[in-house]
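Single-letter residue listing:
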Amino acid sequence: MKPFLKEVAEDLIKKFGLNIQHCAIVFNNKRPAVYLQKYLADIIQKPLFSPSVFTIQEFFDEAVQEKPADFYMQFFTLLDIYNQLLAEEGLPTIKSSQFFGLARIILADFNQVDSDLVDADKLYKELEDIAAINLEFDYLTPEQYAFLSQFWQSYSEGKHKRQQELFIQMWRRMPQLYHRFHAALAAKKHITHGGAYRRLAGMDIAEMGYLKKFEKGKVIFVGFNVLSRAEAQLFTKLQQAGKALFYFDADEYYLNDTLQEAGLFLRRNIHELHLKNEFAAPVNLMKTATHNVDVYKVQGQAAQAKILNHILGNDYKQQTEVDAVAVVLADETLLLPALQTIPSQADEKPINLNVTMGFPLGISSVFGLADLWLSCQLEMFNNTNILKSSSTHITYQQLESFLTHPLTGLSEKMKNKIRKALIDENIVHVEQNRLIRQGGMLQKFFTHIHQPKQLIAALLDVLNFVLNNLSQQKQLKNIDAELFVKTIHELNRLNDNIKDYLENEELPFVITLIQKALQNINVPLSGDPLQGIQLMGLLETRNLNFNKVVFLGFNEGIIPKTSIGNSFIPDSLRRVYGLPVLENLDAISSYMVYRLLQRAEDISIVYNNLTDETTSGEPSRILKQLEYESGFNFNYYELDLPVQTAEKQTIEIDKKNPMVRQRLQRYLSQEKTLSPSALTTYIANPIDFFFSYVANIKEPKEVTPVVEANEIGSILHAAMENFYRPMLKQEVTKEWIQERLQQKDALIKKAFAKVRNMPDADTYEFSGMQQVVLAIVDAYINIITERDMEDAPFTIMALEEKINAAIPFQLKGKKESIKIFGIVDRIDVKNGVTRIVDYKTGKDELSFNAIDKLFDTNDKYINKALIQTMIYADAYEKKSRSRHVQPVLYVVRTMKEKGIVFSSNRKQLEGPFLAELKPAFLAGLENKLAELFDEDIPFKASEVADNYMYSIYTTLF
């Protein structure tokens, strides 16, 4: 079917011939110009002077003398005027950061008021009156007040009234704000787009000198739909003066049916404003042409893009020409998934793809680098200005983000060096000076900028440094080069626009301005708009037609949108004054979809059927309406994404493997030692032992600002060692413990500093969470020393004693032995009994079942603490030649209630009972060691899931 713009081109050549060069052609956006010029060239078949082409804003902006004011000039001008009004009322002024969100709404309302020629004085007076009526005759009933008071505990009628009064004050100053704002811009020889519309609508535009350049031709308005009141007046005046022609893209299906919202604005333009459509008879393609529609219901947002390869498979292989294929993103967040889905080649030939909507800078690595730099600057500002820190620092998270960023250009050697220092020293806050001393990229990136006016220039310096560095290293990708150039260009433009306003601004606000400015940038990607597959947003399709159209994101709530944007003007007044309301969005969206469909033969509509917090899972009402009344040929498909969980496979590691045998042999040759905790790991879950002690797969270390549970135990152990160190080989009395407790705080802080690799504890300022950890350790020490005072006197024999002993066992009739190495928390003597004391901060238990159950891998109640302390007791007996060494356990959480002695069936593990069970324990230990080194018994997981509940290797077996 013939595209709309081609029909326009044919009619223009018929009317003007080569004199088309004297015409001005006005579109809603820039995209259609290149299509129209191609059609004109194809028709004339010889060189010609092109007509002047404008967007609607460009055309009317050029008709006024003032320059269009950019957003930042409007914002800072509005802020100055607003603060003048507040000062005149005797009220405190407002900061830029507080006013920014408010200003965006006010400026949007001002522009809308001007574009639709609304009397601002009258509108804002009515807003003030409505607010005053609501205050005087409050619409809330006593029951509603009571409900709000229950729902919002901070709610009060007084606060509610106060907010209403503040709104009344704001509406009261709006007329003055509006007029002074426009006057201030005029004094700077600038004007808003809405202001330009209002100005021109009040003039005889047909007599303006600006139009004389087109007096040999016409001003031709192509493809317009919804018009503001100012545009409507201007169009009418130009038509009455015989200076304008209008081409409306309409179909009888929705133009002549008053129930069809798609034709709402066209009916107004043609029937009410009497704008003459040069195409006197609208087409009837919606009903007469063939339209095949494939509807795809898919599960998930990104899955919508993944179906493109199915829909466009044949188009990839063809060199499609102009107006052939378009992928229209009703949901523009699908751009990246779509780009990742469409391949670069098909059958070894490149695929022509043109992304008309541009690539959002906000999702690029270049923006990520700029945003990271701005975040670091904000953090350094907060250190010095808010936290009043004596030194400037960067959190390790920021530094880690810098190290992992793909554009920093740092060598892997430098990255690993920095990471190692971070982990080894557990540096949570990195001194800025330490980074600056490294020079190069680190110095450039982490230099602290103190003046807001210098921020953009400093960021440009960083980006140029990175760009040059990557270029020299030949690591710069084409897409990144384009993004760098566009970012640097936009930052220079932003700097020119706002540098004069930043003298008294706060640095955090300027950072916010820069971030918002960069986020809104779209970078045009390379591609031919006249060839290949066109990837575009719905707004960019205006005036264009394609034989094949694919819609992605065709969900209710996305098309049409469910909000007209933020505004202070309520819906009731919008309707009174003819301002846009929510129903207008339905009409606009319906028209854009219908006009695309009327000339398309092959149509695919994809929507997300998954219901979540972002989508209802329902197709757009426009699709439902088409299904009901259009008569199109519909085919329905559902993308089935079955979720299947793979059956858990039993993983077994053969010990006969040469590598495994070699690693195990190192233990048998006593080249390596085993700790009691390693043995209990094997007993509880043999496969964990393999991964940790044979394959040597360790959990990677990382910097953490939070003190983990195991670190609390380490701090307690270090503190208790420091506590009793002066009494080594001496008798400890209750009185000594009481006196020593006076030094407890200093001992805990010293232990904390040692475990966390921190500076001197005497001068270090502990944070809130660290203070909590200190309090926990303090409470644990109180519990331990309370028990020790009950047991006093006793003699400390050793603290953090290193135990190194051989354990023999029989392996298939051959004598073998391994060497055990571990550290005992405390060894003391009480009433002639030597005790192995183990401090525990976890959920260890004192009770145990039969001895044989201790070594049963498939038993749920393996007492690891008992096994470890019994091994230590046996090793210490051999080392010191002591007899009947008793294991005791200080479980700080439960020792007050349950004591410190192990027990089985209510019999405590001491004296004769300990002597009775010890041989059975050693026999069970030897059998388990024989099993560990038996090549015929593979490493495999325990049958009891609780035994590896907290294993870090669960994803491996």
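Residues numbered from 1 in each chain as written. Predicted model: local features only at pLDDT ≥ 70, side-chain atom pairs only at ≥ 80, totals over all residues. Heavy atoms only, no water.

- Identification of the chain as PD-(D/E)XK nuclease superfamily protein from Parafilimonas terrae is taken from an unreviewed UniProt entry.

## Considering the sheet that holds strand β23 (residues 814–830)
- Pairing within the open sheet is mixed, and its 5 strands lie in the order β21-β22-β23-β24-β25. Edge positions in the sheet fall to β21 (731–732) and β25 (886–891), since each has one partner strand and no second.
- With 6 bridges connecting them, strand β24 (residues 833–840) and β25 associate as parallel partners. By the bridge assignment, Lys840 is partnered in β25 with Val891.
- Across the sheet, helix α37 (residues 864–880) lies against β22 (794–811), β23, β24 and β25, angled at about 95° from β22, the strand it touches most. (Pairing = 2+ DSSP bridges. Helix = DSSP H or I, 4+ residues; strand = E, 2+ residues; numbered from the N terminus. Contact = heavy atoms within 4.5 Å. Axes fitted to C-alpha atoms, helices over the stretch in contact; angles between N-to-C directions.)

## What about helix α23 (residues 455–473)?
- Relative to the 27 Å expected for 19 residues at 1.5 Å per residue, α23 spans 27 Å between its end C-alpha atoms, a close match to the ideal helical length.
- Buried within α23 we find Leu455, Ile456, Ala458, Leu459, Leu460, Val462, Leu463, Val466, Leu467, Asn469 and Leu470.
- Once α23 finishes, Lys474 follows within two positions and takes phi at roughly 55°, a positive value. (Expected span 1.5 Å × (residues − 1). Buried < 20%, exposed > 50% of the residue type's maximum accessible area, 1.4 Å probe, protein only.)

## Some details on helix α4 (residues 71–88)
- The terminal C-alpha atoms of α4 lie 26 Å apart, and with 18 residues this matches the ideal 26 Å at 1.5 Å per residue to within 8%.
- For α4, the side-chain oxygen to backbone nitrogen distance between the N-cap and Tyr72 is 2.8 Å, and the N-cap itself is Asp70.
- Residue Gly90 follows α4 closely and has a positive phi angle near 75°. (Polar contact = N/O pair within 3.5 Å; in protein donor to acceptor, adjacent residues only side chain to side chain.)

## Quick notes on the nonpolar core
- One finds Phe402, Phe445 and Ile514 to be the most contacted residues of the largest nonpolar core, which totals 122 residues.
- With residues near it in sequence (within four places) discarded, Phe445 still touches Leu369, Leu372, Trp373, Cys376, Gln377, Phe402 and Val462.
- Membership of the second largest hydrophobic core comes to 90 residues, among which are Leu36, Ala244, Val328 and Tyr591. (Core = buried A, V, L, I, M, F, W, Y, C linked by side-chain atoms within 4.5 Å.)

## Points about the side chain of Asp249
- Within the secondary structure, Asp249 is located in the loop between β6 (244–247) and α11 (252–255).
- For Asp249, a relative accessible area of 2% translates into the label buried.
- In this structure the side chain of Asp249 is engaged in a polar contact, spanning 3.0 Å, whose partner is the side chain of Arg595.
- A polar contact of 3.0 Å, which involves the side chain of Asp249, links it to the side chain of Gln598.
- If sequence neighbours within four positions are ignored, Asp249 has contacts with Phe4, Tyr254, Leu266, Asn545, Tyr591, Arg595, Gln598 and Arg599.

## So, the packing of aromatic side chains
- Per the counting criterion, the structure on display carries 53 aromatic pairs.
- Ring geometry for Phe110 and Tyr124: centres 6.2 Å apart, planes at 80°, overall edge-to-face. Here the residue Phe110 occupies a position in helix α5 (residues 96–115), and Tyr124 occupies one in helix α6 (residues 120–136), the gap between them amounting to 14 residues. As far as burial versus exposure is concerned, Phe110 and Tyr124 are alike and both buried. (Phe/Tyr/Trp six-rings, centres within 6.5 Å; stacked < 30°, edge-to-face > 60°.)

## Concerning the sheet that holds strand β16 (residues 533–537)
- Pairing is parallel across the open sheet formed by 7 strands, whose spatial order is β11-β16-β8-β17-β18-β7-β19. Across the chains shown, the open sheet's two edge strands, defined by having one partner strand only, are β11 (353–355) and β19 (633–638). Strand-to-strand twist in this sheet, taken as the mean axis angle between neighbours without regard to direction, amounts to 15°.
- Here strand β7 (residues 292–298) runs beside β19; their pairing, made up of 6 bridges, is parallel. Along β19, the bridge assignment pairs Val293 with Phe634.

## So, the packing of α4 against helix α25 (residues 507–519)
- For the pair α4 and α25, interaxial distance at closest approach is 13 Å and the crossing angle is 150°. As judged from the angle between their axes, α4 and α25 are roughly antiparallel. For α4 against α25, the interelement crossing comes out right-handed. Note on element contacts: α25 touches α4 through Phe509, Leu513 and Ala517, opposite Tyr72, Phe75 and Phe76.
- Looking at side-chain class alone, the contact of α4 with α25 contains 6 nonpolar, no polar and no charged residues. (Parallel < 35°, antiparallel > 145°, perpendicular 65-115°, else oblique. Left-handed = near helix turned anticlockwise from the far one by under 90°. Nonpolar A, V, L, I, M, F, W, Y, C, P; charged D, E, K, R; others polar.)

## A word on the pairing of β22
- Strand direction decides the pairing type here: β21 and β22, joined by 2 bridges, are antiparallel. When the bridges of β22 are listed, Glu731 appears paired with Thr795.
- Of the strand pairs in this sheet, β22 and β23 are connected by 15 bridges, and their pairing is antiparallel. Note that in β23 the partner of Thr795 across the bridge is Val829.
- Here β22 hands over to β23 after 2 residues, with Lys812 in that stretch at a positive phi of 55°.

## Observations regarding the domain arrangement of the chain
- For the chain, the domain assignment lists domain 1 (4–65 + 205–285), domain 2 (70–155 + 174–191), domain 3 (289–358 + 527–637), domain 4 (362–523) and domain 5 (658–947).
- The distance between the C-alpha centroids of domain 3 and domain 5 comes to 65 Å. (Domains from an automatic or database assignment.)

## Remarks on the environment of Gly217
- Locating Gly217 in the fold gives a position in the loop between α9 (193–201) and β5 (219–222).
- The sequence separation of Gly217 and Ser616 amounts to 399 residues, and the corresponding C-alpha distance is 51 Å.
- When residues no more than four places from it in sequence are discounted, the contact partners of Gly217 are Phe16, His22 and Cys23.

## Overview of the pairing of β5
- Residues Val219 and Phe221 line one face of β5 and the alternating positions Ile220 and Val222 line the opposite face, and both faces are buried.
- Sheet topology note: the strand β1 (residues 24–27)/β5 ladder contains 3 bridges and is parallel. Within β5, the position partnered with Ala24 by the bridge is Val219.
- Relative to β6, β5 runs parallel, the two being bridged by 4 bridges. Bridge assignment links Ile220 to a residue of β6, and that residue is Leu245.
- In this fold, the crossover linking β5 to β6 by way of helix α10 (residues 229–240) has right-handed handedness. (Right-handed = clockwise from strand over helix to strand, strands pointing away.)

## Side note on unusual backbone geometry
- Of note, the amide linkage connecting Ile559 to Pro560 takes the cis form, showing an omega dihedral of -5°.
- Inspection of the secondary structure puts Pro560 in the loop between β17 (548–552) and α26 (571–577).
- Cis geometry marks the peptide bond from Ala792 to Pro793, where omega comes out at 5°.
- Topologically, Pro793 is positioned in the loop between α35 (768–791) and β22.
- In this structure, Lys474 is a non-glycine residue whose phi angle is positive, near 55°.
- Mapped onto the elements of the fold, Lys474 is located in the loop between α23 and α24 (478–498).
- The class for Lys474 is exposed, based on a relative accessible area of 77%.
- A positive phi angle, close to 55°, is found at Asn831, a residue other than glycine.
- By the secondary structure assignment, Asn831 is in the loop between β23 and β24.

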